[in-house]
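# Architecture and fold: a report
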Amino acid sequence: MVHLTINGQVVQANDGEMLLDVIKRMGIDIPAICQHDAVEPFGSCRLCTVEITKADWDGWKNYVTSCLYPVADGLIVNTHSETVNEIRKTLLDLYLARHPNSLFVRKLAAEHGVTKTSYEEIPDGDDCILCGLCTRICERMGFSAISTVGRGHSKEVAPPLKEAPPDCVGCLACAQCCPTGHIKFSEEGASRSIWGKQFEKIACSKCGKLTITKEFADSLSETRNIPREYFDVCDDCRRKEIALTMGRLAQWSREEETV
Amino acid sequence: MKSRLVVTPNRCIGCRTCELACSFNHAIDGKPGRSRIFVMGGGFKDLWVPVTCLQCDDAACVKSCLVGALRRNEETGAIELNQDKCVKCMACTAACPFGCSIYDSGQDQVVKCDLCGGDPACARFCPTKALEYKPIAQVKPAQVKVKAVG
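Every chain is numbered on its own, with residues counted from 1 as its sequence reads. Chains and ligands are labelled by the order in which they are written, letters from A for the one and numbers from 1 for the other. Selection of residues for local features in this predicted model requires a pLDDT of at least 70, selection of side-chain atom pairs for listing and counting requires 80 or more, and totals for whole chains, interfaces and linings are taken over all residues. Values shown for side chains rest on all heavy atoms present in the structure; no hydrogens or waters enter the calculation.

## A look at the overall build of chain B
What counts here: Each helix is a run of H or I in the DSSP string that is no shorter than four residues. Each strand is a run of E no shorter than two, and both are numbered from the N terminus. The rule is simple: take the accessible area with a 1.4 Å probe, protein chains only, and divide by the maximum for that residue type; under 20% is buried, over 50% is exposed, in between is partly exposed. Two residues qualify as a contact provided that any one of their heavy atoms is within 4.5 Å of a heavy atom in the partner residue. The accessible surface values rely on the Shrake-Rupley method and a 1.4 Å probe; as for residues, cover is taken only from the protein chains in view. Here Asp and Glu are counted as negative and Lys and Arg as positive; His is not counted, and neither are the chain ends. One atom stands in for each charge, and that atom is NZ of Lys, CZ of Arg, CG of Asp or CD of Glu.
If you tally the helices and strands in chain B, you get five helices and eight strands. When the helices and strands of chain B are placed in sequence order, the string is β-α-β-β-α-β-β-α-β-β-α-β-α. Overall size of chain B, expressed as C-alpha extent along the three principal axes, is 40 × 35 × 30 Å. Taking all 150 residues of chain B together, 54% fall into the buried category. A separation of at least 24 residues holds for 58% of the contacts in chain B among residues at least 6 apart in sequence. With the model as given, the accessible surface of chain B reaches about 6,700 Å², and the carbon-plus-sulfur share is 53%. Mean positive and mean negative side-chain charge positions of chain B (20 and 14 charges, respectively) differ by 5 Å.

## With respect to the interface of chain B and chain A
Let me state the cut-off plainly: Values labelled buried area give the accessible surface lost by two parts on being combined, using a 1.4 Å probe and summing over both. For this document, the term salt bridge refers to a Lys or Arg side-chain nitrogen within 4 Å of an Asp or Glu carboxyl oxygen. Pairing of N or O atoms within 3.5 Å defines a polar contact, subject to two protein rules: one partner must be a possible hydrogen donor and the other a possible acceptor, and residues neighboring in sequence count only if both atoms are side-chain atoms. Residue polarity follows a fixed list, in which Ala, Val, Leu, Ile, Met, Phe, Trp, Tyr, Cys and Pro are nonpolar, Asp, Glu, Lys and Arg are charged, and the others, Gly among them, are polar.
If you look at the interface, chain B gives 41 residues, while chain A gives 34 residues. Surface buried jointly by chain B and chain A totals about 3,200 Å² across both partners, of which 64% is contributed by carbon and sulfur atoms. Summed over the three residues of chain B that lose the most area to chain A, namely Asn10, Leu66 and Val87 of chain B, the buried surface amounts to 20% of that side. Along the contact surface separating chain B from chain A lie zero salt bridges. Counting every contact that joins chain B to chain A gives 10 residue pairs in polar contact (both at pLDDT 80 or more). For the side of chain B that touches chain A, the secondary-structure elements that each account for two or more residues are strand S2 (38-41), strand S3 (48-51), helix H2 (60-64), helix H3 (91-95) and strand S6 (101-104) of chain B. Classifying every residue of the side of chain B that touches chain A by side-chain character gives 26 nonpolar, nine polar and six charged.

## Structural notes on the sheet that holds strand S1 (residues 2-6) of chain A
Residues and elements named next belong to chain A. Stated formally: For two strands to be treated as a pair, DSSP must find no fewer than two bridges joining them. Angular values range over 0 to 180 degrees, each being the angle between N-to-C directions of two axes fitted as lines to C-alpha atoms, with helices fitted over their stretch in contact.
Pairing is mixed in the open sheet, where five strands are placed in the order S2-S1-S5-S3-S4. The outermost strands of the open sheet, each flanked by one partner alone, are strand S2 (9-13) and strand S4 (62-65). With direction set aside, neighbouring strand axes in the sheet form an average angle of 35°. Of the strands in this sheet, strand S3 (49-54), S4 and strand S5 (75-78) are in contact with helix H2 (residues 82-98), which crosses S3 at around 150°.

## Regarding the domain arrangement of chain A
Residues and elements named next belong to chain A. Test applied: Where each domain begins and ends is defined by an automated method or by a domain database.
Examined at the domain level, chain A breaks down into domain 1 (2-80) and domain 2 (133-237). Relative to domain 2, the C-alpha centre of domain 1 lies at a distance of 34 Å. On the domain 2 side, the residues contacting the eight residues of domain 1 number six residues. Here domain 1 packs against domain 2, burying approximately 580 Å² in sum over the two surfaces, 66% of which is carbon and sulfur. At the junction of domain 1 and domain 2, the tally comes to zero salt bridges. The tally of links from domain 1 across to domain 2 stands at three residue pairs in polar contact (both at pLDDT 80 or more). Residue composition of the side of domain 1 that touches domain 2, grouped by class: six nonpolar, one polar and one charged.

This is how it looks when you write it as structure tokens:
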């Protein structure tokens, strides 16, 4: 257990916890868009930057990404100091220059009082802020089908050689978690397309309801030791099945009681 | 784990109070369609079966979750879904052999029974005790073990 002061309030935290977790637990709202509980903190969006100091630092202050900074005894944290707000505004100003067409970035920037960038806009800038959340989630899921490729201006998220990724199973976790909604996929009937790869969804053998992709089900049954036939029937039909099974058992015991 | 949710279909009168109790406890607008418990026809006259998560010992949903968002709460015995960790890949909804891990389009999240943190509303409001939250000692041995994955 460590004790630290956040915005003038003394709080308790567990050893090894990151500052952001404590800040969130206190209900303090700071932006942290590259953070997801399923993966380790990464510190790429820099928006969760906070001001830290200690009583014996002689007034010196440091600015750290709270998602990557472990809590320490006697730490004095300010999540919305003037300088922190200025840092956040500068970051959003830069984001706005790079992604002028992104609704998410525009909204977030406006929330922090930045409506127009002071830098030169990239008019055809895409929505990808290169936070790497999709690649980290894909890695966490055990597929590692996508990664960031290139450096500097040409850095982007893409499958190997920018071809249809052989390891992708079409689970859509990357698209679901992308904070800006940059990752696009299309669904038409039973087929799904993402990262230039085509997938076929499983249709329930009873009602035809579409569930996850065949590749995802194959991978789950192989790596997680789940019988493959579990994926052949949708959840609605499963419930009907179990109700009928339990109904038969209940009927037997009902008949036994009346005999 | 001290208690188990015990379902006795023969006592169920199909009143769907459990669905209401569940959705009032969990869903945003209290719509019965958003409940995590389902009163289904049992295939015979006047026979209903409340279908809900059975908190399997060796659960397919936990196995299928590749990011570890589904964890058993050792205190209540419920398998709980950590929404902050969930990546909405729908693996658990497809893997559950009882169809009790469901996608709620209204809240845009996967939901499942969490035994209301140790005091299930469905059992509390069930007028006929078709749903009971019983201490393990009072549950018949045959009712205790549920195995989902062989």
